[in-house]
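Below are the chains, spelled out letter by letter.
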Amino acid sequence: MAELAARAKGIDRASVYRTIDLFEKLGIVQRLNTGWKYKLELTDKFAEHHHHLTCTRCGQTIAMNEAELEAVIERLSAAHDFLPTSHQMEIQGLCRQCRTATSSTNNAA
Ligand SMILES: [Zn+2]
Ligand SMILES: [Zn+2]
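To start, this report covers the structure provided alongside it. (Residues numbered from 1 in each chain as written. Chains lettered and ligands numbered in written order. Predicted model: local features only at pLDDT ≥ 70, side-chain atom pairs only at ≥ 80, totals over all residues. Heavy atoms only, no water.)

**Quick look at the pattern of salt bridges**
With the rule as written, the count across this model stands at two salt bridges. One salt bridge in this structure joins Asp-21 and Arg-31, with 3.5 Å as the shortest N-O distance. One end of the pair, Asp-21, is in helix H2 (residues 13-25); the other, Arg-31, is in strand E1 (residues 29-34), with ten residues separating them in the sequence. When the shortest N-O distance is used, the salt bridge between Glu-24 and Arg-31 registers 2.7 Å. Judged by its relative accessible area of 27%, Glu-24 is partly exposed. Using a relative accessible area of 26% as the deciding quantity, one classes Arg-31 as partly exposed. Because the salt bridges share partners, they merge into one network encompassing Asp-21, Glu-24 and Arg-31. (Salt bridge = Lys/Arg side-chain N within 4 Å of Asp/Glu carboxyl O. Helix = DSSP H or I, 4+ residues; strand = E, 2+ residues; numbered from the N terminus. Buried < 20%, exposed > 50% of the residue type's maximum accessible area, 1.4 Å probe, protein only.)

See the structure below:
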């Protein structure tokens, strides 16, 4: 990975974006939309399956891996006679720090 980063030095942005596009098509990375921005992440094939809680104010993401949620997805899919192969779920809201900042001082960090 470090070797890859070192080699990427001096490569123009367009090439980097094309490579990201390619990785997306190959299912190596996936785009996670967080409002009007997005983050790139390794897909389940390459990283452990998980979901995110994204703070819309400070942008921090909290990874969560809930067996309960997975079970519900399995059950609902089965109820619709559907075989799930993948899913993405992201919950947006405010993290504890941002909620505290809002309620006490009411100024955006
Ligand atoms: Zn926050
Ligand atoms: Zn899941």
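**Observations regarding helix H3 (residues 67-79)**
Look at H3: 18 Å from first C-alpha to last across 13 residues, which is about the 18 Å you get at 1.5 Å a residue. Buried positions along H3 lie against strand E3 (51-55). Asp-81 occupies a position one or two residues after H3 and carries a positive phi of about 50°. (Expected span 1.5 Å × (residues − 1). Contact = heavy atoms within 4.5 Å.)

**With respect to the coordination of the zinc ion (ligand 2)**
Protein-derived coordination of the zinc ion (ligand 2) comes from His-49 (NE2), His-51 (NE2), Glu-70 (OE), Glu-70 (OE) and His-87 (NE2), at a distance range of 1.9 to 2.6 Å. Each donor residue of the zinc ion (ligand 2) lies on the same chain, and together they follow the pattern H-x1-H-x18-E-x16-H. Residue His-51 is found in strand E3, and its partner Glu-70 is found in helix H3; the two are separated by 19 residues along the sequence. Classification of His-51 as buried rests on a relative accessible area of 1%. (Donors = N, O, S within 2.8 Å, 3.2 Å for Na, K, Ca; no water.)

**Some words on the side chain of His-51**
Among the polar contacts listed, one links the side chain of His-51 to the side chain of Glu-70, at a separation of 3.0 Å. Of the polar contacts made by the side chain of His-51, one reaches the backbone oxygen of Met-89; its length is 3.3 Å. Those residues within four positions of His-51 in sequence are excluded, and the remaining contacts are Ile-62, Ala-63, Met-64, Leu-69, Glu-70, His-87, Gln-88 and Met-89. (Polar contact = N/O pair within 3.5 Å; in protein donor to acceptor, adjacent residues only side chain to side chain.)

**Some points on the coordination of the zinc ion (ligand 1)**
Every protein donor of the zinc ion (ligand 1) is listed here as Cys-55 (SG), Cys-58 (SG), Cys-95 (SG) and Cys-98 (SG), and their distances to the metal cover 2.2 to 2.4 Å. Coordination at the zinc ion (ligand 1) is tetrahedral, judged from the four donor atoms that bind it and the angles of 104 to 113° they form at the metal. In the primary sequence, the donor residues of the zinc ion (ligand 1) line up as C-x2-C-x36-C-x2-C. A residue pair is termed long-range when its members are at least 10 positions apart, and Cys-58 in the loop between E3 and strand E4 (61-64) and Cys-95 in the loop between strand E5 (90-93) and helix H4 (96-104) qualify at 37 residues. Assessed through its relative accessible area of 7%, Cys-95 is described here as buried. (Tetrahedral: all angles 85-135°; square planar, octahedral: opposite > 155°, others 65-115°.)

**Regarding empty space enclosed by the protein**
The tally for this structure, following the rule as stated, stands at one cavity of 30 Å³ or more. One number sums up the size of the largest cavity: a volume of about 70 Å³. Every residue lining the largest cavity is listed: Gln-30, Leu-32, Glu-41, Asp-44, His-49, His-50, His-51, His-52, His-87, Gln-88 and Met-89. Broken down by secondary-structure element, the contributors of at least two residues to the lining of the largest cavity are E1 and E3. Residue composition of the lining of the largest cavity, by class: two nonpolar, seven polar and two charged. (1 Å grid on protein atoms, 1.4 Å probe; cavity = no way out; pocket = protein on both sides within 12 Å on 5 of 7 lines; lining within 4 Å. Points joined across faces, edges and corners; volume = space filled by probe spheres on them. Nonpolar A, V, L, I, M, F, W, Y, C, P; charged D, E, K, R; others polar.)

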